[in-house]
Amino acid sequence: MSVVSQTPAAPAALAQEHFQARLGFETDCADVWYASGHEEQDFVLLDVRTPVLFAAGHVPGAINMPVRIIGEARLAEFPADTLFVVYCAGPHCNGANKAALKLARLGRPVKEMIGGLTGWLDEGFGLERG
């Protein structure tokens, strides 16, 4: 028996519930890229890194909104039902998680773009500068 199968897989119904729930919390770089260029963009992409890092390179179309400035006043320009997709540097950074938590506490719909900027680059997608 391998270390993989040593702990049995969850029953199918429980696995379905788990993976469906995850899709409510996260999206991936390829889906953001595709939606941004091929579909109606029905979300706001937030880069939650510092302005210096944002200027050095960010996902095209992203708005820079560092975690520290996310608040009611900053969000007032967006309708209450706006879906925010947040990202930071990558899997080694928890800035997107902190931003998602802050947005959720403010009652805003939010998903995390898993992989962040590292994932975006790993997919071979380009960056905007400035």
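Every value quoted in this text rests on a predicted model; they were computed, and no experiment measured them.

Trainee: So what's going on with the packing of aromatic side chains? Residues and values would help.
Mentor: Two descriptors summarise a pair of aromatic rings, namely the distance from one centre to the other and the angle between the planes of the rings. Using the criterion set out here, one finds three aromatic pairs in the structure. Relative to Phe-125, the ring of Trp-33 has its centre 5.0 Å away and its plane inclined at 5 degrees; by these criteria the two rings are stacked. In this pair, Trp-33 sits in helix H2 (residues 29–38) while Phe-125 sits in the segment after helix H6 (116–122), placing the two residues 92 residues apart along the sequence. A residue is classified by how much of its surface remains accessible, and Trp-33, at 37% relative accessible area, is partly exposed. Classification of Phe-125 as buried rests on a relative accessible area of 14%. By the ring-pair criterion, three or more aromatic residues cluster together here, those being Trp-33, Trp-120 and Phe-125.

Trainee: With reference to specific residues and values, describe the pattern of salt bridges.
Mentor: Scanning all chains against the criterion turns up three salt bridges. A salt bridge links Arg-22 to Glu-26; the shortest N-O distance between them is 2.8 Å. Given the relative accessible area of 37%, Arg-22 is considered partly exposed. Since its relative accessible area comes to 18%, Glu-26 is described here as buried. Between Arg-74 and Glu-77 there is a salt bridge whose closest N-O contact spans 2.6 Å. The exposure class assigned to Arg-74 is partly exposed, which follows from its relative accessible area of 25%. The class of Glu-77 is exposed, set by a relative accessible area of 57%.

Trainee: Hey, could you go over the sheet that holds strand S2 (residues 44–47) for me, with residue numbers and the actual values?
Mentor: Ordered by their spatial adjacency, five strands build an open sheet running S1-S5-S4-S2-S3, and the pairing between neighbours is parallel. Of all strands in the sheet, those with a lone pairing partner are strand S1 (26–28) and strand S3 (63–64), marking the two edges. Relative to the sheet, helix H1 (residues 12–25) contacts S1 and strand S5 (110–114), its axis offset from that of S5 by approximately 95 degrees. The strands that helix H5 (residues 95–105) touches are S2, strand S4 (84–87) and S5; relative to S4, the one it contacts most, it runs at about 155 degrees.

Trainee: Run through H5, naming residues and quoting values.
Mentor: Burial in H5 covers these residues: Gly-95, Ala-96, Ala-99, Ala-100 and Leu-103. Taken end-on, H5 shows its buried residues confined to a sector of 130 degrees, consistent with a single buried face. Elements in contact with the buried residues of H5: S2, helix H4 (72–75), S4 and S5. Looking one or two residues past H5, Gly-107 carries a phi angle of roughly 80 degrees, positive in sign.

Trainee: Lay out the pairing of S5 with the relevant residues and their values.
Mentor: In this sheet, S5 lies alongside S1 in parallel orientation, the contact comprising three bridges. Bridged to Thr-27 within S5 is Met-113. Looking at chain direction, S4 and S5 are connected through three bridges and run parallel. Looking at S5, one finds that Phe-84 is bridged to Val-110. For the crossover that starts at S4, traverses H5 and ends in the parallel S5, the hand is right-handed.

Calculation rules
Every chain's residues receive numbers from 1 upward, in the order its sequence appears when written. With the structure being a predicted model, the display of local features is reserved for residues of pLDDT at least 70 and the display and counting of side-chain atom pairs for 80 or more, all residues being used for whole-chain, interface and lining totals. To obtain the side-chain values, all non-hydrogen atoms of the structure were used and water was disregarded. Each pair of aromatic rings taken from Phe, Tyr and Trp, with Trp reduced to its six-membered ring, is defined by centres within 6.5 Å and is described as stacked if the planes are under 30 degrees apart, edge-to-face if over 60, and tilted in the remaining cases. Helix and strand assignments follow DSSP, with helices taken as H or I runs no shorter than four residues and strands as E runs no shorter than two, numbered in order from the N terminus. Partly exposed describes any residue whose relative accessible area lies between the buried limit of under 20% and the exposed limit of over 50%, with all areas from a 1.4 Å probe on protein chains only and scaled to the type maximum. We define a salt bridge as a contact between a side-chain nitrogen of Lys or Arg and a carboxyl oxygen of Asp or Glu at a distance within 4 Å. Any two strands are treated as partners once DSSP identifies two or more bridges connecting them. For this analysis, residues touch if any pair of their heavy atoms sits within 4.5 Å. Working convention: axes come from line fits to C-alpha atoms, limited for helices to the stretch in contact. Angles between N-to-C directions cover 0 to 180 degrees. Working definition: the arc comes from the directions between the helix axis and the C-beta atoms, pointing outward to the latter. Crossovers are described as right-handed under a simple rule: with the strands pointing away from the observer, the path leading from the first strand over the helix to the second runs clockwise.

Coordinates in, geometry out; function isn't part of it.
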